Each structure stands twice: as C-alpha cells, then as structure tokens.
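Remarks on the overall topology
Residue-level listing of the chains:
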Amino acid sequence: MSRVRPSFLRPVLLALLLAAGGPAHAELWGFVDAQGVAHFASRAVDSRYRLVHADTAATGPRVPGKRDGADALLTWMEIAPEAKVLVPWVREAARLHGVDAELLTAVIAVESGFRRDAVSPRGAIGLMQITAVTGDRYATAAERRQPAAERLLDARTNIHTGARMLADLTRRYGRIELALAAWNAGEGTVRRHGGLPRLAETRAHVHLVLELYWALLQRSQAARATRLALG
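Residues numbered from 1 in each chain as written. Predicted model: local features only at pLDDT ≥ 70, side-chain atom pairs only at ≥ 80, totals over all residues. Heavy atoms only, no water.

**Re the side chain of Q129**
Quick reminder of the rule: Here a helix means four or more residues in a row that DSSP labels H or I, a strand means two or more in a row labelled E, and each is numbered from the N terminus. The classification of residues rests on relative accessible area computed with a 1.4 Å probe and restricted to protein chains. Under 20% of the type maximum is buried, over 50% is exposed, and intermediate values are partly exposed. Polar contact is defined as a pair of N or O atoms within 3.5 Å, subject to the rule that within protein one atom must be able to donate a hydrogen and the other to accept it, and that residues adjacent in sequence are counted only when both atoms are side-chain atoms.
Summarising the element assignment, Q129 is placed in the loop between α5 (101–112) and α6 (132–137). Exposure remark for Q129: the relative accessible area of 9% places this residue in the buried category. Side-chain polar atoms of Q129 contact the backbone oxygen of G126, separated by 2.9 Å.

This is how it looks when you write it as structure tokens:
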C-alpha cells in the first residue's frame, strides 16, 4: 500500500500521472485515514476511496498545460530545502550500492514526501518507509548497534538502507517493477502471484514510482547534455 501525507498528495499524484509516457491507468482513487495518511489505488477498493484524478487521455485530448504540473514538481524537488539537503546522500548511496539516484529519489517522494521523521501506522519508518525488521536485515554490523527504530530516522542511514534493499531486490528479480512490488507488498506476495501482484494499490505504487523515475531520468539526461546531434 502506498502512503503519502495529504499536503504532498495532490501535486505528487497529478505530476506523476501526467509525467512523460502517460499513465497505465485511467483513474486514481484515494482517501485520507484517521492518522492523516493518504492511500491510493487505481480503482475504488472500498467505500472510503474517492476519485482523485481521471486521465483525460482516456476520454479525449489532454488538457493543455497539464505537463507543466510535472515540471513544477521536479523544479520544487530541486529547490525545496527538505529535498535538496538529501541530494548528497542520495548520490552517495547510488554510487556505493549501484542504484540510480533518480530511482531512490522517486521512492522517497512517493513513500514519505521527503519527511525524514515519517512513521506509518504499520511501523514503516523515515524517508523510504522501512520497517525495523527490514532495516535490521539490510543494516551493517555497526548500524545494528543502534535500535532500528532510532537509526532509520536518520536520513543518511535510511537512504543507504533503502538503497541496499533496492539493489538486492533488483538483482534477485531482474526487473525494477518487480523489485518495487516486492518492496511494497512483500517478497512472498510477488512469489505467490508469479510476478507483479494483482493488487490495485501495489500496482498503483509501482506505476507512480516508475512515472516519477522516468521523469527524473529525462531531466537528468537533459541536464547532462552538452550538445545536440541530429541523425
């Protein structure tokens, strides 16, 4: 299940759904629970869900200017203090653990909205929403000297732990979308389904992360370009 704080929900969801490549689902549904955590899925899973976004491409031409929403979110991520301060640690973790910095950033955005002190009702902690059990599994010997509930609130430790986990899942499953599904729904669920689980919220989570990952990759590649070659 994907969880995002309400203050971050609408710009994140709209930008991700309207980012490059177009959405895989025509609609996005969501609700905010009593703890103030937003949940979303590609359909109304139960009576709590309300329509958050309907893709105009499914019924007609895309609304002019909507792409600006994605660009605005990406620009915000580059200048917002809570996002900008993480850049060195994200790059460090990406280099050390072999995971794209853009993928790590996308997971952080969707999981916590860049809130390093976020703790979900299910006990997922910090920027990448990692449980204490998973945190211990991917911790170094030195890190295990500190309780997981404490160390995962440290931004750098949380990012490195999440990067190790993503690297491991990607190696074992061979595909990023399955790694993200295992991250969200659990490895046992992926095994039982023989691939991407047929769970609306897991599929929405995977789709949203991949949409933002793709948009971030496009922007980073454009930033690194120094000349244009036409074939």
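**Considering the pattern of salt bridges**
The condition is simple: Think of a salt bridge as a Lys or Arg side-chain nitrogen and an Asp or Glu carboxyl oxygen that are within 4 Å of each other.
Following the criterion strictly, the structure yields eight salt bridges and no others. The salt bridge involving R137 is made with E187; its shortest N-O contact spans 2.8 Å. Separated by 50 residues along the polypeptide, R137 in helix α6 and E187 in helix α10 (residues 187–193) bring together distant segments of the chain. Classification of R137 by relative accessible area gives partly exposed; the value is 48%. A salt bridge links R175 to E177, with the shortest nitrogen-to-oxygen separation between them at 2.6 Å.

**Quick word on the nonpolar core**
What counts here: To form a nonpolar core, buried Ala, Val, Leu, Ile, Met, Phe, Trp, Tyr and Cys residues must be joined to one another through side-chain atoms within 4.5 Å. Between two residues, a contact is recorded if the distance between any of their heavy atoms is within 4.5 Å.
By size, the foremost hydrophobic cluster in this structure holds 47 residues, and its most contacted members are L104, M128 and L166. Elements with a contribution of two residues or more to this core: α2 (67–79), α4 (87–97), α5, α8 (155–173), α9 (176–185) and α11 (200–224). Discounting residues that sit within four places of it in the chain, L166 has contacts with V99, L103, L104, V107, M128, L180 and W183.

**Observations concerning the environment of Q146**
Of note, Q146 is situated in the loop between α6 and α7 (148–151). Sequence separation between Q146 and D136 is ten residues; the distance between their C-alpha atoms is 9.9 Å.

**Considerations on α9**
By the criterion of burial, α9 is predominantly enclosed, with seven of the ten residues buried. L178, A179, L180, A181, A182, W183 and N184 are the residues of α9 that are buried. Residue G186 follows α9 closely and has a positive phi angle near 105 degrees.

**Observations concerning α5**
Three or four residues apart is the spacing at which side chains of an α-helix point the same way, because the helix has 3.6 residues per turn. Put simply, the rule reads: Every helix has an expected span of 1.5 Å times one less than the residues it contains.
Under the 1.5 Å per step criterion, the end-to-end length of α5 is 16 Å for twelve residues, consistent within 8% with the ideal 16 Å. A large share of α5 lies buried, amounting to eleven of its twelve residues. Those residues of α5 lying buried are E102, L103, L104, T105, A106, V107, I108, A109, V110, E111 and S112. Phi for G113, located one or two positions after α5, is positive at around 60 degrees.

**Side note on the environment of A181**
The topology assignment puts A181 in helix α9. Residue class for A181 comes out buried when judged on its relative accessible area of 0%. When the C-alpha positions of A181 and A204 are compared, they lie 9.8 Å apart, and in sequence the two are 23 residues distant. Excluding its chain neighbours within four sequence positions, the residues that come into contact with A181 are G186, V190, L196, P197, T202 and V206.

**Re the confidence of the model for the protein**
Counted only if it meets this: Summary of the metric used: pLDDT quantifies the predictor's per-residue confidence within the range 0 to 100.
Taken over all residues, the pLDDT of the protein has a mean of 77, while the share at 70 or more is 66%. When the criterion is pLDDT under 50, residues 1–26 qualifies, and its contacts beyond four places in sequence or with other chains add up to 87 contacts. Confidence drops under a pLDDT of 50 for residues 55–70, and excluding neighbours within four residues, the segment shows 18 contacts in the predicted structure.

**Concerning the packing of α8 against α9**
What counts, and what does not: Working convention: axes come from line fits to C-alpha atoms, limited for helices to the stretch in contact. Angles between N-to-C directions cover 0 to 180 degrees. Here the word oblique covers every angle except those under 35 degrees (roughly parallel), over 145 (roughly antiparallel) and from 65 to 115 (roughly perpendicular). Left-handed describes a crossing in which the near helix is turned anticlockwise from the far one by less than a right angle; the clockwise case is right-handed. Following the grouping adopted for this structure description, the nonpolar residues are Ala, Val, Leu, Ile, Met, Phe, Trp, Tyr, Cys and Pro, the charged ones are Asp, Glu, Lys and Arg, and the polar ones are all others, Gly among them.
Following both chains from N to C, one finds α8 and α9 inclined at 125 degrees, their axes separated by 8 Å at the closest point. Judged by the angle between their axes, α8 and α9 are oblique. Once α8 is placed against α9, the crossing between them reads as right-handed. On α9, the residues that touch G162, M165, L166, L169, T170 and Y173 of α8 are I176, L178, A179, L180, A182 and W183. Split into classes, the residues belonging to the contact of α8 with α9 amount to ten nonpolar, two polar and no charged.

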